Amino acid sequence: MKLNIVLYHPEIPQNTGNIMRSCVGFHAKLHLIKPLGFSLDEKHLKRSCLDYFDALEYEVYEDFDDFKNKNNGKYYFLSRYGHKSPITIDFKKESQDLYFILGAESTGIAYDILKDYLVDCYRIPTTDKIRSLNLSNCAAIVLFLASSQLNEPELLTDEPETFKGKYFLEELDINELDTIHKEYK
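Residues numbered from 1 in each chain as written. Predicted model: local features only at pLDDT ≥ 70, side-chain atom pairs only at ≥ 80, totals over all residues. Heavy atoms only, no water.

Draft legend 1. Layout of the layout of surface pockets. Each pocket or cavity is described by its volume, and for the largest pocket that value is around 530 Å³. Lining the largest pocket are 24 residues, with Arg-80, Ala-104, Gly-108, Ser-132 and Leu-133 sitting closest to its centre. Here the lining of the largest pocket is composed, by residue class, of twelve nonpolar, eight polar and four charged. Size it by volume and the second largest pocket reaches roughly 420 Å³. Forming the walls of the second largest pocket are Val-24, Gly-25, His-27, Tyr-52, Glu-154, Leu-155, Leu-156, Asp-158, Glu-159, Pro-160 and Phe-163. Grouping the constituent residues of the lining of the second largest pocket by class yields six nonpolar, two polar and three charged. (1 Å grid on protein atoms, 1.4 Å probe; cavity = no way out; pocket = protein on both sides within 12 Å on 5 of 7 lines; lining within 4 Å. Points joined across faces, edges and corners; volume = space filled by probe spheres on them. Nonpolar A, V, L, I, M, F, W, Y, C, P; charged D, E, K, R; others polar.)

As structure tokens, then:
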């Protein structure tokens, strides 16, 4: 079973860049449905994704029908019009690939598509003070929710040895803090 984030007509490169980074971090594939409000080589996109772009698995589609024709699995639509929370989903019962479909920042997912999938529409609960959460936040929330239920073996709970390592803080010499902080500037 593979986790997938699907962006229907994404408009803001920084959001898509953040989502790209989340996809790499959760070992998910990103699907982009045209039209896109940016080019994939745009500097804002690459800046948001940082140096993770080369590790990203992604595909671009002409329209929603093109996406549907090429991808079989369980579709979950995230929309402010959904009537249930994604926390109610039991991802462990699914045996097929999971697709979390999110809409354009300004218009969401086309209403005719949502109406065809009403039973699969979910809303991340919020107060009545906002219409919805930021697109990249929604993607990260559902990726974390699904991954935590599925106990993804590739996700690490400790800092990897390829970075600072599991016992970095325990072994930290406080006298070296100035040197460490300069590394991040």
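Draft legend 2. Up close: the environment of Ser-148. On the secondary structure map, Ser-148 appears in helix H5 (residues 135–150). The partly exposed category is assigned to Ser-148, whose relative accessible area is 36%. For Ser-148, the side chain forms a polar contact with the main-chain oxygen of Leu-145, separated by 3.0 Å. (Helix = DSSP H or I, 4+ residues; strand = E, 2+ residues; numbered from the N terminus. Buried < 20%, exposed > 50% of the residue type's maximum accessible area, 1.4 Å probe, protein only. Polar contact = N/O pair within 3.5 Å; in protein donor to acceptor, adjacent residues only side chain to side chain.)

Draft legend 3. Local environment of the sheet that holds strand E4 (residues 74–78). An order of E3-E2-E1-E5-E4-E6 is seen for the six strands of this open sheet, with the pairing classed as parallel. Of all the strands in the sheet, just strand E3 (58–61) and strand E6 (121–122) have a single pairing partner and so form its edges. When strand E1 (residues 3–8) meets strand E5 (residues 98–102), the two strands line up parallel, connected through five bridges. Looking at E5, one finds that Val-6 is bridged to Ile-101. Strand contacts of helix H1 (residues 13–25): E1 and strand E2 (29–33), with the helix running at about 150° to E2, the strand carrying the most contacts. Together, E1, E4 and E5 form the strand contacts of H5, whose direction differs from that of E1 by roughly 160°. (Pairing = 2+ DSSP bridges. Contact = heavy atoms within 4.5 Å. Axes fitted to C-alpha atoms, helices over the stretch in contact; angles between N-to-C directions.)

Draft legend 4. Fine view of the pairing of E4. Of all five residues in E4, five are buried, a share of seventy percent or more. Side chains Lys-74, Tyr-76 and Leu-78 of E4 all project onto a buried face; the interleaved residues Tyr-75 and Phe-77 project onto the opposite face, where all are buried too. Pairing of E4 with E5, which is carried by five bridges, proceeds in the parallel orientation. Each bridged residue has a counterpart across the sheet, and for Tyr-75 the counterpart in E5 is Tyr-99. As paired strands, E4 and E6 are joined by two bridges and run parallel to one another. Bridge pairing in E6 links Leu-78 to Tyr-122.

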